[in-house]
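Here are the chains, one letter per residue:
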Amino acid sequence: MRKLTYFIAATVDGFIGAPDGDADFIYSYLDGEFVDHLKAEYPETISTPGRAQLGIADVPPKHFDTVLMGRGTYEPGLKQGVTSPYGHMREQYVVSRSLTEAPDPAVRLIEGDLVAKVRELKAQDGLGIWLCGGADLAGQLIDEIDAFVVKTYPVFVGTGMPMSRAGFGARPLELTGVEVLGGGQVITSYAVKR
C-alpha cells in the first residue's frame, strides 16, 4: 500500500504561509546547499519548469509519483501560466470545490469524496503520494497521512497559515530522520504511529 506523505515547508513557529497564504518569503531560504539537497533526495518535488532550469528534467522520482494539492496551492503557478506544475509525475490531483474543469489535461480534479479517493490512490501500485498543501487539505486528510517531512526554515513569523487546520488532537509520531543544512534549514521526517 502506498503512503500519503505531507512534505511541506514551514517556519520555525509552524506556519506555511502568511495569513493570506502567500509563501513567497520562504524563497529567500532556498540557498544552493538546500536546492542541491532537494535535487538529490526529493527531485520530484521540484516543479517541472524548475527541474528544466536545474538540469534535472530526466531524473526519476525517488519517493513520490503522485501529487495532491489544494486549489490554493495550485493557483499561484496557474496565475503564471503553469497549468501542469508537476507534469513529470505519473498523476497530479487538485482538490477544489470552485474549479469545474481542469486547466490542463494532465491535471485531474477531485470534487467528491476526498478520503475515498485518497484511499483508492493508496491502494494502487507505485511510489508514494505527496500531499503538497495546504492547511485545509491537510486538515481534511489528517487521518490518512502516513508520514510528515517538514522542511523548517530559520524564520519566525508570529502568525500566518498553519500547517494544518485539523483541530486539536494528539497524534503520536515517530521521528525517522533529521537533516541540518548549512543555511539553518532543518528537514525532519516522522512516521505516524498507528
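Visitor: I'd love a proper account of the overall build of the chain, names of residues and values included.
Guide: Along its length, the chain carries 5 helices and 10 strands. Computed over the C-alpha atoms, the radius of gyration of the chain is 16 Å, within 12% of the 16 Å expected from 2.2 N^0.38 for a compact globule of 194 residues. For the chain, the spread of C-alpha atoms along the three principal axes comes to 40 × 40 × 35 Å. Every one of the 194 residues in the chain was classed for burial, and the buried ones make up 43%. Put simply, 70% of the contacts in the chain that link residues at least 6 apart link residues at least 24 apart. Accessible surface, the chain as shown: approximately 9,800 Å² in total, 52% of it carbon and sulfur. Averaging the locations of the 18 positively and 25 negatively charged side chains of the chain gives two centres separated by 5 Å.

Visitor: Could you give me a rundown of the pattern of salt bridges, with the residues and numbers involved?
Guide: Taken as a whole, this structure holds 13 salt bridges when the rule is applied. One salt bridge connects aspartate 65 with arginine 2, and the closest N-O pair in it is separated by 2.6 Å. Pair noted here: aspartate 65 is in strand E3 (residues 64–70) and arginine 2 is in the segment before strand E1 (4–11), with a separation of 63 residues, a long-range link. Here the two residues aspartate 65 and arginine 2 agree in accessibility, since each one is buried. With a closest N to O distance of 3.7 Å, lysine 39 and aspartate 36 form a salt bridge. A residue pair is termed a helical-turn pair when its members lie 3 or 4 positions apart in one helix, as lysine 39 and aspartate 36 do in helix H1 (residues 32–41) at 3 residues. We classify aspartate 36 as partly exposed; its relative accessible area is 45%.

Visitor: Describe the side chain of glutamine 92, with residues and values.
Guide: Summarising the element assignment, glutamine 92 is placed in strand E4 (residues 91–95). A distance of 2.8 Å separates a polar side-chain atom of glutamine 92 from the backbone nitrogen of tyrosine 86. In contact with glutamine 92, not counting residues within four places along its chain, are Val67, Ser84, Pro85, Tyr86, Gly87, Ala106, Val107 and Arg108.

Visitor: I'd like a description of unusual backbone geometry, backed by residues and values.
Guide: Residue glycine 133 is joined to glycine 134 through a cis peptide bond whose omega torsion reads 10°. The residue glycine 134 is located in the loop between strand E6 (128–133) and helix H5 (135–140) in this model.

Visitor: Which residues make up helix H4 (residues 114–123), and what are the values?
Guide: The complete set of buried residues in H4 reads Leu114, Val118, Leu121 and Lys122. The buried residues of H4 all sit within an arc of 100° when viewed along its axis, so they share a single face. The elements touched by buried residues of H4 are E1, E3, E4, strand E5 (107–110), E6 and H5. Here H4 starts with a cap whose side-chain oxygen sits 3.3 Å from the backbone nitrogen of valine 115, and that cap is aspartate 113.

Visitor: Residue-level account of the packing of aromatic side chains, with values.
Guide: By the definition in use, this model includes 9 aromatic pairs. Relative to tyrosine 42, the ring of phenylalanine 7 has its centre 4.6 Å away and its plane inclined at 40°; by these criteria the two rings are tilted. A residue pair is termed long-range when its members are at least 10 positions apart, and phenylalanine 7 in strand E1 and tyrosine 42 in the loop between H1 and helix H2 (48–54) qualify at 35 residues. Pair check on accessibility: phenylalanine 7 and tyrosine 42 agree, each one buried. Between the aromatic rings of tyrosine 42 and phenylalanine 64, the centroid separation amounts to 6.5 Å while the plane-to-plane angle is 20°, which identifies the pairing as stacked. One end of the pair, tyrosine 42, is in the loop between H1 and H2; the other, phenylalanine 64, is in strand E3, with 22 residues separating them in the sequence.

Cut-off values and rules
In every chain, residue numbers begin from 1 and rise along the written sequence. Given that the model is predicted, a residue must reach a pLDDT of at least 70 before its local features are reported, and side-chain atom pairs must reach 80 or more before they are shown or counted; all residues, however, enter totals for whole chains, interfaces and linings. To obtain the side-chain values, all non-hydrogen atoms of the structure were included, while hydrogens and water were left out. Only runs of H or I of at least four residues qualify as helices and only runs of E of at least two qualify as strands under DSSP, and these elements are numbered from the N terminus. The quantity called the radius of gyration is restricted to C-alpha atoms. Its globule counterpart is 2.2 Å times the number of residues to the power 0.38. The classification of residues rests on relative accessible area computed with a 1.4 Å probe and restricted to protein chains. Under 20% of the type maximum is buried, over 50% is exposed, and intermediate values are partly exposed. Only heavy atoms enter the contact rule, under which two residues are in contact if any of them lie within 4.5 Å. Only the protein chains shown count as covering a residue, and every accessible area follows the Shrake-Rupley method with a 1.4 Å probe. Only four residue types enter the tally: Lys and Arg on the positive side, Asp and Glu on the negative side, with His and both chain ends excluded. Here the site of a charge means NZ on Lys, CZ on Arg, CG on Asp, or CD on Glu. Salt bridge, as used here, is a side-chain nitrogen of Lys or Arg placed within 4 Å of a carboxyl oxygen of Asp or Glu. Distance and chemistry together define a polar contact, namely a pair of N or O atoms within 3.5 Å, with one atom able to donate a hydrogen and the other to accept it when in protein, and with adjacent residues in sequence counting only for side-chain atoms on both sides. What the arc covers is the set of directions going from the helix axis to the C-beta atoms. Pairing of aromatic rings covers Phe, Tyr and Trp, the last counted by its six-membered ring, and requires centre-to-centre distances within 6.5 Å; plane angles under 30 degrees mean stacked, over 60 mean edge-to-face, and any other angle means tilted.

So far we have only geometry, and geometry alone does not tell us how the molecule works.
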